[in-house]
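Take a look at the letters that make up each chain.
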Amino acid sequence: MRISVIGTGYVGLVTGACLAEIGHEVVCSDSDAEKIKILESGGIPIYEPGLENVIPQARKLDRLRFRANPAEAVRAGDAIFICVGTPPLPNGDADLSAIDHVARVIATEATSPKLVVEKSTVPARTGQELKRALSVYGRKSSVTFHVASNPEFLREGTAVGDFLHPDRIVVGVESEIAERQLKEIYQPVLDRKFNCPVHLNACPEGPAPQWLVTTINSAELIKHASNSFLALKISYANMLADLAEKLGADIQEVVRAMGLDPRIGASFLAAGLGFGGFCLPKDLQAFVHLAERSGVDFSMLREVEKINKQRIDRAIEKLRSALWVVRGKQIAVLGLAFKPNTDDIRFAPAIDLVNRLLSEGARVRAYDPQATERARATLPQIEYATSAYDAATDAEALFIATEWGEFAKLDWGRIRDLMARPLVIDGRNLLSPREIRNLGFEYRAFGRPD
Ligand code: UDX
């Protein structure tokens, strides 16, 4: 099919590239002309593993093009995926102005029938507003629009694999045409009929994705409900970690045993500095607002948010109790991205941690394998190291703020010798307490006995 993707952020670029990978003809557009210039010249403006294979391959086959002019993109596709940002407003609501703007462009520029798919995370009932906007802005045109909601469940860092091998594809539709077109778009994924990109090695064994057809309102709710539940799981694990510390239990042992119960599941129970990124925190906030406006008291989720914010306080308490005085001390921070395998620092706990360290009067030297350039733009006042060893040199404490795999494999004996004081505060419970203590480190983690 001919598909347009509006918005080339983490979601839009992965969606566009993967739709081209499975055989469609895709045109991507973005209001950021600089981004389009980079993409047109063969560059990739974000770090997302796998895109470096999928994008050049699709471009070689002439299935993926980039256009700065959204009107051109709108006219090119029979289906248009809206993947623009929905950042939080100061009151926590999602800012839907970019979606409204795209609706206006689609309504005024389309010259043939379009399937308009909302992929950006939006509060429930946005699809209804989108339908209304398309009919109001397009009142002088005779073009027919079908609106659908197709929430994404892509995790940054593994988004290409998540797109090509999802466990479920949710389509919220109100017409048979919309359902049929979406089925056609996703058929190669449902049948696993595409060449699996090299970085994924092979398609996984196991059942094919579930195809779930719902109403638009349900599809929108599924997305928010899923992300908020994940956030709830993490905050639950973090509360448990606080309690485990008091009781002398080990959170790792506790969640391992809990996770073996299929009703609970093992994932998203890792305690530490808490959740960040551009989805979980903002989706949670927007969900709470939506519930409140609908007259439903979802204060349970406010607690989830509160517990998450307290993680940085807990980290600073740990530092204070070990160092006594923080002011003037040099602190190494390993990891700035909100999680490993991405360069995304939006709402990253690591960035909050660095800001708190600065406000406590510490001097910070940080290292991240991918996110340094992005961090430099928002945090120019700290030093950036070229390696973990460089960051550790002369530091009186070292924080692990993001669990990059390479940090587990460091030569920790060397780090110990480089540091002014061998103190590690492991914000992601990445290291083995026994091994690191045997090397002569003072080691503090989350929910593990000191
Ligand atoms: C999330 C959802 O997982 C995805 O389905 C949705 O489409 C977009 O939002 P993402 O933002 O990429 O994906 O990150 P995710 O892997 O969910 O992690 C979010 C945050 O939670 C990270 O900061 C991570 O470090 C933290 N986390 C995750 C924990 O603190 N503990 C855990 O057990 C798991």
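The structure reproduced in this document is the subject of the present report. Numbering of residues begins from 1 in every chain and follows the order in which that chain's sequence is written. Under the rules for a predicted model, residues below a pLDDT of 70 receive no local features and side-chain atom pairs below 80 are neither given nor counted, while totals for whole chains, interfaces and linings still include all residues. For the side-chain quantities, the full set of heavy atoms in the structure was used; hydrogens and water were omitted.

**Quick word on the overall build of the chain**
Quick reminder of the rule: Runs of E in the DSSP output that reach at least two residues are strands. Runs of H or I that reach at least four are helices, and both are numbered from the N terminus. Only C-alpha atoms enter the radius of gyration; for comparison, a globular chain is expected to reach 2.2 Å times N to the power 0.38, where N is the number of residues. The classification of residues rests on relative accessible area computed with a 1.4 Å probe and restricted to protein chains. Under 20% of the type maximum is buried, over 50% is exposed, and intermediate values are partly exposed. The contact criterion used throughout is that any non-hydrogen atoms of two residues lie within 4.5 Å. Only four residue types enter the tally: Lys and Arg on the positive side, Asp and Glu on the negative side; His and the chain ends are excluded. Here the site of a charge means atom NZ of a Lys, CZ of an Arg, CG of an Asp or CD of a Glu.
From N to C terminus, the chain includes 18 helices and 14 strands. Relative to a compact globule of 450 residues, whose C-alpha radius of gyration would be 22 Å, the chain shows 23 Å and is just as compact. Taken over 450 residues, the chain has a buried fraction of 55%. Expressed as a percentage of contacts within the chain between residues at least 6 apart in sequence, the contacts between residues at least 24 apart total 74%. One finds the centroid of the 55 positive side-chain charges in the chain at a distance of 1 Å from the centroid of its 58 negative side-chain charges.

**Focus on the packing of aromatic side chains**
Counted only if it meets this: A pair of aromatic rings is counted whenever rings of Phe, Tyr or Trp (Trp by its six-membered ring) have centres within 6.5 Å, and the orientation is called stacked for planes under 30 degrees apart, edge-to-face for over 60 and tilted otherwise. As a reminder, the over-ring test applies to NZ of lysine and CZ of arginine, requiring each to be within 6 Å of the ring centre and within 35 degrees of the ring normal.
By the definition in use, this model includes six aromatic pairs. Ring centres 6.0 Å apart and planes at 35 degrees place the aromatic pair F163 and Y186 in the tilted group. In this pair, F163 is assigned in helix α7 (residues 159–164) and Y186 in helix α8 (residues 176–191), connecting sequence segments 23 residues apart. Each member of the pair, F163 as well as Y186, is classed as buried. These aromatic residues form a ring-pair network of at least three members: F163, Y186 and W211. A cation sits over an aromatic face here: K318 above F446, 4.8 Å from the ring centre. The aromatic ring of Y389 is capped on one face by R414, whose charged end is 3.8 Å from the ring centroid.

**Quick word on helix α3 (residues 51–60)**
For the α-helix, the turn length of 3.6 residues means that residues three or four positions removed from each other point alike. Here is the rule: Directions drawn from the helix axis to the C-beta atoms are what define this arc.
Those residues of α3 lying buried are L51, V54, I55 and A58. The arc that holds the buried residues of α3, viewed along the axis, is 95 degrees, so those residues lie on one side. In the core, the buried residues of α3 are packed alongside α1 (10–21), β3 (64–67) and α7. In the segment just after α3, D62 is the residue with positive phi, at about 60 degrees.

**Topic: the side chain of D344**
Tracing the chain through its elements places D344 in the loop between β9 (330–334) and α13 (349–359). In contact with D344, other than residues within four places in its own chain, are Y10, E156, A337 and F338.

**Notes on the pairing of β9**
The condition is simple: Pairs of strands are assigned from DSSP output, requiring at least two bridges between the strands. Here the term right-handed applies to a crossover when the path leading from its first strand over the helix to its second strand runs clockwise, the strands being oriented away from the viewer.
For β9, the tally of buried residues reaches five of five residues, placing the bulk of the element in the interior. Burial of β9 is two-sided: the residues Q330, A332 and L334 facing one way and the residues I331 and V333 facing the other way are all buried. Summarising the sheet, β9 and strand β10 (residues 363–367) pair through five bridges and their orientation is parallel. Note that in β10 the partner of Q330 across the bridge is R363. Following the backbone out of β9, through α13 and into the adjacent parallel β10, one traces a crossover that is right-handed.

**A look at the site of the ligand**
Convention followed: Here a residue counts as near a molecule or strand whenever at least one of its heavy atoms sits within 4 Å of it. Here a polar contact is recorded for every N or O atom pair within 3.5 Å, except that within protein the pair must consist of a potential hydrogen donor and a potential acceptor, and residues adjacent in sequence are included only if both atoms are side-chain atoms. For accessible areas, the Shrake-Rupley method is used with a probe of radius 1.4 Å. Any residue's cover is judged against the shown protein chains and nothing else. Residues are sorted three ways: Asp, Glu, Lys and Arg are charged, Ala, Val, Leu, Ile, Met, Phe, Trp, Tyr, Cys and Pro are nonpolar, and all the rest, Gly among them, are polar. All domain edges in this entry derive from an automatic or database-based domain assignment.
Residues in contact with the ligand amount to 20 residues; listed here are only the nearest, E156, A270, G276, F338 and K339. In the environment of the ligand, an oxygen atom lies 3.2 Å from a nitrogen or oxygen atom belonging to the backbone of F153. Contacts to the ligand include L269, whose backbone N or O atom sits 3.2 Å from an oxygen atom. The fraction of the free accessible surface of the ligand (660 Å²) that becomes covered by protein chains is 92%. For the shell around the ligand, the element with the highest residue contribution is helix α9 (residues 216–247), accounting for four residues. Looking at side-chain class alone, the shell around the ligand contains 11 nonpolar, three polar and six charged residues. Here the shell around the ligand spans two domains, since at least three of its residues come from each of domain 1 (2–214) and domain 2 (230–445).

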